[in-house]
Amino acid sequence: MKITFYGHSCFKIVTEEGKKILIDPWISNPLAPKIVDLGPYDFILITHAHGDHLGDVLKLARTAITEVIAIHEIQQYLLKHGIPKVTGMNIGGTYKVNNLKFTMVPALHSSSFPDGNYGGNACGFIITLENDISIYHAGDTGLFYDMKLIGELYSPKIAFLPIGDHYVMGPKQAAKACELLKPEIVIPMHYATFPILTGDVESFEKELKNYGISVTVISLNPGEEISL
Ligand code: NI
Ligand code: MN
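Residues numbered from 1 in each chain as written. Chains lettered and ligands numbered in written order. Predicted model: local features only at pLDDT ≥ 70, side-chain atom pairs only at ≥ 80, totals over all residues. Heavy atoms only, no water.

Right, let's talk about the sheet that holds strand β5 (residues 67-71) for a bit. In spatial order, the strands read β6-β5-β4-β3-β2-β1-β14; together these seven strands make up an open sheet with mixed pairing. The sheet is open, and its two edges are formed by β6 (86-89) and β14 (225-227), each paired on a single side. Recorded for the sheet is a direction-independent mean angle of 20° between the axes of neighbouring strands. Of the strand pairs in this sheet, strand β1 (residues 2-5) and β14 are connected by three bridges, and their pairing is antiparallel. Note on β14: the bridge partner recorded for T4 is E225. (Pairing = 2+ DSSP bridges. Helix = DSSP H or I, 4+ residues; strand = E, 2+ residues; numbered from the N terminus. Axes fitted to C-alpha atoms, helices over the stretch in contact; angles between N-to-C directions.)

On to the pairing of strand β12 (residues 185-189), then. Among the five residues in β12, five count as buried, and that is most of the element. Side-chain alternation along β12 places I185, I187 and M189 on one buried face and V186 and P188 on a second face that is also buried. In the classification by handedness, the crossover that spans strand β11 (residues 158-162), the intervening helix α5 (residues 171-181) and the parallel β12 is right-handed. The pairing of β12 with strand β13 (residues 216-217) spans two bridges and is classified as parallel. If you follow V186 over to β13, its bridge partner there is V217. As a crossover connection, the stretch from β12 through helix α6 (residues 201-211) into β13 is right-handed. (Buried < 20%, exposed > 50% of the residue type's maximum accessible area, 1.4 Å probe, protein only. Right-handed = clockwise from strand over helix to strand, strands pointing away.)

Among all positions of α6, only V201, F204, E207 and L208 are buried. Projected onto a plane normal to the axis of α6, the buried residues spread over an arc of 120° and lie on a single side. Pointing more than 90 degrees away from the buried face of α6 are the exposed residues E202, K206, K209 and N210. Looking at the buried positions of α6, the neighbouring elements they touch are α5, β12 and β13. At the exit of α6 stands G212, carrying a positive phi of roughly 70°. (Arc of directions from axis to C-beta. Contact = heavy atoms within 4.5 Å.)

Attention now goes to the packing of aromatic side chains. The tally for this structure, following the rule as stated, stands at five aromatic pairs. Each ring, one from F5 and one from F11, has its centre 4.8 Å from the other, and the planes form 35°; the classification is tilted. The class of F11 is buried, set by a relative accessible area of 0%. Here W26 and F194 contribute two aromatic rings whose centre-to-centre distance is 6.1 Å and whose plane-to-plane angle is 35°, an arrangement assigned as tilted. Pair noted here: W26 is in the loop between β3 (20-23) and β4 (43-45) and F194 is in the loop between β12 and α6, with a separation of 168 residues, a long-range link. A relative accessible area of 15% places W26 in the buried class. Above the ring of Y41, the side-chain terminus of K20 is found at 5.2 Å from the ring centroid. Over the face of the ring belonging to Y211 we find K176, whose NZ or CZ atom lies 4.7 Å from the ring centre. (Phe/Tyr/Trp six-rings, centres within 6.5 Å; stacked < 30°, edge-to-face > 60°. Lys NZ or Arg CZ within 6 Å of the ring centre and 35° of its normal.)

With that settled, consider the coordination of the nickel ion (ligand 1). For the nickel ion (ligand 1), every protein donor is listed as H48 (NE2), H50 (ND1), H109 (NE2) and D140 (OD), and the spread of their distances is 2.2 to 2.3 Å. Geometry at the nickel ion (ligand 1) is irregular, judged from its four donor atoms and the angles of 89 to 177° they form at the metal. Each donor residue of the nickel ion (ligand 1) belongs to the same chain, and together they define the spacing H-x1-H-x58-H-x30-D. Between the nickel ion (ligand 1) and the manganese ion (ligand 2), the interatomic distance is 3.3 Å, and D140 donates to each metal, bridging them. The same class applies to H48 and to H50, which are both buried. (Donors = N, O, S within 2.8 Å, 3.2 Å for Na, K, Ca; no water. Tetrahedral: all angles 85-135°; square planar, octahedral: opposite > 155°, others 65-115°.)

With that settled, consider the environment of L129. Its place among the elements puts L129 in the loop between β9 (123-128) and β10 (134-137). Residue class for L129 comes out buried when judged on its relative accessible area of 2%. Put simply, L129 and M104 are 25 residues apart on the chain and 15 Å apart in space, counted from C-alpha to C-alpha. Beyond its immediate sequence surroundings of up to four residues, L129 is in contact with M1, T15, N99, L100 and I135.

The following block contains the structure:
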């Protein structure tokens, strides 16, 4: 599997069977690399309706090749805006498609569309790949103790966790999240995009050390790709 970080909370995953997944498709974020894969993607996942996560979905998902997966309220919004293929779901559900599983899990955050309308609950995703490896994208969230259950139920090997603080977890809470989730690998996200997102990787690693939590931190620069 290949994972590419596009900055902020936007990740591209290419699975072993070659399925292309884009999460929180804000490919025009201030940190985004010059060259971005514009698709078409097989799946685009959206964690909540805030502009920095809804991102460029209205441009990227105008093809029936691409299936957008999001909470019901976002599904309705996207269908109204002419996106052809959108699957709505809700927290707790697992959607099985193409030997992949997408499980919608809670996130502790608000969610509204750019026009101010309610966006449904904010959520995170567990993506279970063809080889049964699970990846957790936390979306925007504060720390919550049910992350322990997410860890027990899905044993995510890789966790994408926000560390930027202010709107999401900072380094201290993100470190504790690793204790609850027990991933092998954590990839920090949602930091440094704006000056107010002050949490950084160095402080995150310091907090992990303080708490004695062992996890491999892979910090990706926007545009960087890893094979796992
Ligand atoms: Ni948000
Ligand atoms: Mn955000």
